[in-house]
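Residue-level structural notes
One letter stands for each residue in the lines below.
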Amino acid sequence: QVQLVESGGGLVQAGGSLRLSCAASGRAFSRYIMGWFRQAPGKDREFVAAIDWSGGMTYYADSVKGRFTISRDNAKSTVFLQMNSLKPEDTAVYYCAAGSKFGYSVVRRADEYSYWGQGTQVTVSS
């Protein structure tokens, strides 16, 4: 069992930055690949970014590539999402998730993740 707790969300103006954190407890953090998803009101949950067990490989949604950076610190059992050049369309609840498979297609599927955090709200004003 893994417990995930996100933090770092808030209200920011367009063009600004936020850094989300997701702290894990429970079973060995380094056993899991980690992903970030987001869900805007009235929309489906969508993939944002994923990182492999060691942090050596990452994938991003096209909509955030070049603006967002996912990273992890296995010693601190934490995964991060640095979000720069934020746009109003980035407004959503952001969730971190833990899974066991890593690949271009599999990381984009929410049903491939076993554990989820409660989410943190990010609001970008225009």
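To start, this report covers the structure provided alongside it. (Residues numbered from 1 in each chain as written. Predicted model: local features only at pLDDT ≥ 70, side-chain atom pairs only at ≥ 80, totals over all residues. Heavy atoms only, no water.)

What about the nonpolar core?
Counting 40 residues, the largest nonpolar core has Leu 4, Met 34, Trp 36, Leu 81, Met 83, Tyr 94 and Val 107 as the members making the most contacts within it. Other than its neighbours up to four places away in sequence, Met 83 contacts Gly 16, Ser 17, Leu 18, Leu 20, Arg 67, Phe 68, Tyr 94 and Val 122. (Core = buried A, V, L, I, M, F, W, Y, C linked by side-chain atoms within 4.5 Å. Buried < 20%, exposed > 50% of the residue type's maximum accessible area, 1.4 Å probe, protein only. Contact = heavy atoms within 4.5 Å.)

Comments concerning unusual backbone geometry
At Ser 77, a position not held by glycine, the phi torsion is positive, near 55°. Tracing the chain through its elements places Ser 77 in the loop between strand E7 (68-73) and strand E8 (78-83). (Helix = DSSP H or I, 4+ residues; strand = E, 2+ residues; numbered from the N terminus.)

Quick look at the pattern of salt bridges
Applying the stated criterion across every chain yields a total of seven salt bridges. For Glu 46, the salt bridge goes to Arg 38, with nearest N and O atoms at 2.5 Å. Accessibility expressed as a relative area gives 34% for Glu 46, which makes it partly exposed. In this structure, Asp 90 and Arg 67 form a salt bridge, with 2.8 Å as the shortest nitrogen-oxygen distance. Placement of Asp 90 in the loop between E8 and strand E9 (92-99) and of Arg 67 in the loop between strand E6 (58-60) and E7 is noted, with a sequence separation of 23 residues between them. Several salt bridges share partner residues, and in doing so they unite Arg 38, Glu 46, Arg 67 and Asp 90 into one network. (Salt bridge = Lys/Arg side-chain N within 4 Å of Asp/Glu carboxyl O.)

Brief notes about the state of the cysteines
A complete count under the given rule lists one disulfide for this structure. The disulfide partner of Cys 22 is Cys 96, and the S-S distance across this bridge is 1.9 Å. Between Cys 22 and Cys 96 the disulfide shows an S-S torsion of about 50°. By sign, it is right-handed. On the criterion of sequence distance, the pair formed by Cys 22 in strand E3 (residues 18-26) and Cys 96 in strand E9 is long-range, its members being 74 residues apart. Side by side, Cys 22 and Cys 96 carry an identical accessibility label, which is buried. (Disulfide = S-S within 2.5 Å.)

Examining the side chain of Asp 52
In this structure, Asp 52 sits in the loop between strand E5 (46-51) and E6. Although Asp 52 lies buried, it forms no salt bridge, and the closest oppositely charged side chain, Arg 72, sits 5.8 Å away as judged by the N-O distance. Among the polar contacts listed, one links the side chain of Asp 52 to the backbone nitrogen of Gly 56, at a separation of 2.9 Å. Ignoring sequence-local partners within four residues, the contact set of Asp 52 consists of Ile 33, Met 57, Arg 72 and Phe 102. (Lys, Arg positive; Asp, Glu negative; His and termini not counted. Polar contact = N/O pair within 3.5 Å; in protein donor to acceptor, adjacent residues only side chain to side chain.)

Points about the environment of Ser 126
Tracing the backbone through its elements, the reader meets Ser 126 in the segment after strand E11 (120-125). A relative accessible area of 88% places Ser 126 in the exposed class. Considered as a pair, Ser 126 and Val 12 are 114 residues apart in the sequence and their alpha carbons are 9.1 Å apart. Not counting residues within four places of it along the chain, the set of residues in contact with Ser 126 comprises Ala 14 and Pro 88.

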